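Spelled out, the chains give:
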Amino acid sequence: MTIEKEPVEGAAVLLAEAEDAALARKDSTSLSQGQLIRRRFIAHRAAMISTVLLVFIALMAFTSIGYAGIPGWWGKDYTMAGTVINGGHPTLSLLPSWLGGPGLAWGEHPFGQDSTGKDYFALVMRGTQQSIIIAVVVGFVATVIGAIIGAVAGYYRGWVDAVLMRLTDLFIVIPLLVLAAVLGQIAGRSGNPTVVLALVLGLVTWTGLARLVRGEVLSLREREYVAAAQAMGATTRRVILKHLLPNTIGVIVVNATFAIAGAILLETSLSYLGFGVKAPDSSLGLLISQYQNAFTNRPWLFWWPGMIILTIALSVNFLGDGLRDAFDPRQTRKAKRRKKKVEVSE
Amino acid sequence: MLRFILRRLGASIGILFAASLLLYVLVINSGDPLSELRESNAENRETLMQRRIEFMNLDMPWYMRYWTWLVGVGKCFTLQCDLGTSRQGVEVNSLLALAAGSTLRLVLLATVLAAVLGIAIGVLTAVRQYSGLDYGVTFITFLFFSLPVFWAAVLLKEYMAIGYNDWIKDPAFSPLQIIVIALIVGFLMQVFLAGTIKRRIITFAVAAAFVAVVIPYLTWLNFFRYPQLGFGGILLLGLGVALSGTAMTVGLRNTKVLYPAVATVVLGAIIYFVTFGLLESPNWYILIAGAILAVIIPALLGKYMGGHLRGPAMGVSIVTGLVMAALTAIDHIFRAWPGFLLLKPRPIATIGSQTPNFAGDFWESFLDKGTQLLLPTILLAIISLASYSRYTRSSMLEVGQQDYIRTARSKGLSERTVIFRHAFRNAMIPIATIAAFDFAGLIGGAVITESVFGWRGMGELFRTGLTQVDPAPVMAFFLVTGTAAVVFNMLADIFYAILDPRIRV
């Protein structure tokens, strides 16, 4: 983001600069663009809460049962069957004793047990691990491919655009879930199903971002500051990377987070339908699919995985919202301006 | 323009062809279609295998299999489609004919519902950026966006369908429930209407009092089992739409728009009486003809009474006409409801796309299909509603910062004109693309929804086809969804070019 170098943006930027200058004066030190973005992000309460939640869930998932051979602090394994104690009821209790509850207790099986006596906490944590790995890989792969293809197509137009957009259309024509399901079936036969699944999902989910970035770039490239940069002899690479992509950062960031949230839902859906992660491995979608009929008798088997999917997806979405506000202060600016207007009119 | 459309059409067909080849190759390589026969120890194993090889053309190389399929599809141009046979030897044509109707009904309904509601919510939250309403709606849309479909479906079945079915047996509200509902409605109304503290308190009080009076009154009427709209209700609601439509576009003082809209309401009321007997037991043709008339008549009224404001006059009149038509239909549906409840005492179903062996007149079987559609549609709509409202909101905010909007404000145009005539139109440009995406996404959502609700639709066709490594049903599914996606994409592109001439496609 090199806002100072783009005076053509007009009054919105001037205002933004004034505000940033005011922010900087308050601390009597000047702040870099990155510092300003970081400050705005930290000021976004929902995004900060989401970040803490996400880190907490990720830490829980990876430290509790361990990953890739490294043992975790939770003694039970997700593949180990056992005897069902107390109908498999969860032993986790959060009601402290002075409120009449049994106190903050973790218990033997905090999330309960499934019908074969497997520890449900271990199963859910394993599923969470899978979902997080897949989501991060998919988000990364899809964002990089989508942003580059979109920017190149929008900048060059002509036959480059035509070829790249027809390629995008190819992926849009086949419904995402369908393509993902077919690829998931193929990935399931490979050596490391989770990582392969994540990579192939990344290779098919970039299309939305590519089209949006292209749309943005198509109108941005007609602006005067691009012409100015070209006139000053900037290379194509520089125009795309320094002038066009930074101005679409809002779209890219929002879509990267949406892609991650979408990937979590896509993976769980695929596993639910039976085309993603398969038993004996565990996935949140697979758990819901196995226990959806247990709702009336053993609702916890249904609630835990669902709530975790929901929490992760929700946190990622809020994180994206916070990032957008941090990267693109122009939107916030307008609200302040209008608020002032209302105050004056009253 | 025509050349542009033709070029896009050619490209679309090419894409469809390439996509079908890609999908075909992927599907036949996704597993071994004979795996369970290889492991079986049935006596006639060899013959079973032989028959399956014959049905699926497994003795051919892959390009010949694809070619055979393509030639079969090519016959569609002479109206003799041959989509191949499934691995059990069933004609896929007949499978698809059974499946396509229910799925398309579901997806179309959900798309329309989600787009209309989502765009409205998006505009509202953008106008009130950073208000309590904005935060509340943002949180709810984020929640919807993050919901796993299959998980939400089980919750909907459990709480909405079963809860409602138990309640409708003897619909009643306890005083406590009425108070809670009144407080909630009052709260929501003051959030929506906003304003100063005083205005908010008045809104809250009026809305809560209204609900507290209306619910016992409706219960006393036994409205929930014997609902009625009646002539008065239709007239009042129709007038409401005409007035608010005029207020939103050009303002109530402008009679050029107001008069044709009110005339539409009056005409609609007359037509309500004239067609009453006909609509007691109609058929689809009558309803479609009615809907077309509900567009043409108001359009003519708007055109000839609107004068120089012909455009907005036609728009408002057409919306009013369509609402009047819908209200007339709803009135008839309400009349059929008591009889329907006798036929189907637990109305909202959780399984299937229609009740087996259901025998009722037109409106009753309409209600039957409607109640079966209700939960899946809500589910699908909720999920894409979130994306529509998010994108509309950010698009409106983006447009709101443009210089021409400031120019419009500074030359003294009212906020209404600025938002609806200057900002909204430009903000809709990116939404056209979203709509095209969304349709394909919804088809994917429909696969999950159908599997949860046990519909025998196209999703089921795809799912079983893929698990059995059987390309014919999967490709039939793709043929329908792919064609739909291509058409929607093309419409979006054409829309793009029309709406924004700066963008050279």
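Residues numbered from 1 in each chain as written. Chains lettered and ligands numbered in written order. Predicted model: local features only at pLDDT ≥ 70, side-chain atom pairs only at ≥ 80, totals over all residues.

(A) The interface of chain B and chain A, seen in detail. On the chain A side, the residues contacting the 50 residues of chain B number 46 residues. Broken down by secondary-structure element, the contributors of at least two residues to the side of chain B that touches chain A are α1 (2-28), α6 (132-145), α7 (149-169), α14 (362-400), α16 (415-453), α17 (458-467) and α18 (471-499) of chain B. When residues of the side of chain B that touches chain A are assigned to their parent elements, the largest contribution, 10 residues, is made by α16 of chain B. Its residues assigned to classes, the side of chain B that touches chain A shows 31 nonpolar, 15 polar and four charged. (Contact = placed C-beta atoms within 7 Å. Helix = DSSP H or I, 4+ residues; strand = E, 2+ residues; numbered from the N terminus. Nonpolar A, V, L, I, M, F, W, Y, C, P; charged D, E, K, R; others polar.)

(B) Up close: the UniProt feature "transmembrane region" (unreviewed entry) in chain A. Residue and element names in this part refer to chain A. The positions that UniProt labels "transmembrane region" (unreviewed entry) are, in the present scheme, residues 46-70, 132-155, 167-188, 194-213, 244-266 and 301-320. Measuring from the first to the last C-alpha atom of residues 132-155 gives 34 Å, for a span that is 100% helix and 0% strand. Summarising residues 167-188: 86% helix, 0% strand, and an end-to-end C-alpha distance of 26 Å. (UniProt positions renumbered as here; feature names shortened; annotations may be inferred.)

(C) Molecular detail of the environment of V195 of chain A. Relative to the helices and strands, V195 of chain A is located in helix α7 (residues 193-204). Sequence spacing of V195 of chain A and I133 of chain A is 62 residues, and the spatial spacing of their C-alpha atoms is 7.8 Å.

(D) Just helix α12 (residues 284-305) of chain B, in detail. Residues and elements named next belong to chain B. Across its 22 residues, α12 extends 32 Å between first and last C-alpha, which sits within 8% of the 32 Å expected from 1.5 Å per residue. Residues of α12 that are buried: A294, P298, L301, G302 and M305. Buried residues in α12, looked at end-on, bunch into an arc of 100 degrees, giving them a common side. Projecting away from the buried face of α12 at angles above 90 degrees are the exposed residues W284, Y285, I288, A289, I292, I296 and Y304. Contact partners of the buried residues in α12: α11 (255-274) and α13 (310-343). Immediately beyond the C-terminal end of α12, within one or two residues, lies G307, with a positive phi of roughly 60 degrees. (Expected span 1.5 Å × (residues − 1). Buried ≥ 20, exposed ≤ 12 C-beta atoms within 10 Å, placed from the backbone. Arc of directions from axis to C-beta.)

(E) Summary view of the confidence of the model for chain A. Residue and element names in this part refer to chain A. Of all residues in chain A, 78% attain a pLDDT of 70 or more, and the chain-wide mean is 78. Within chain A, the element-level pLDDT minimum falls on helix α14 (residues 329-345), averaging 44, and the maximum on helix α9 (residues 224-231), averaging 90. Across residues 1-10, confidence stays below pLDDT 50; counting only partners more than four residues off in sequence or on other chains, it has 14 contacts. Long-range and interchain partners of residues 332-346, a stretch whose pLDDT sits below 50, account for nine contacts in this model, where long-range means more than four residues apart. (pLDDT = per-residue confidence, 0-100.)

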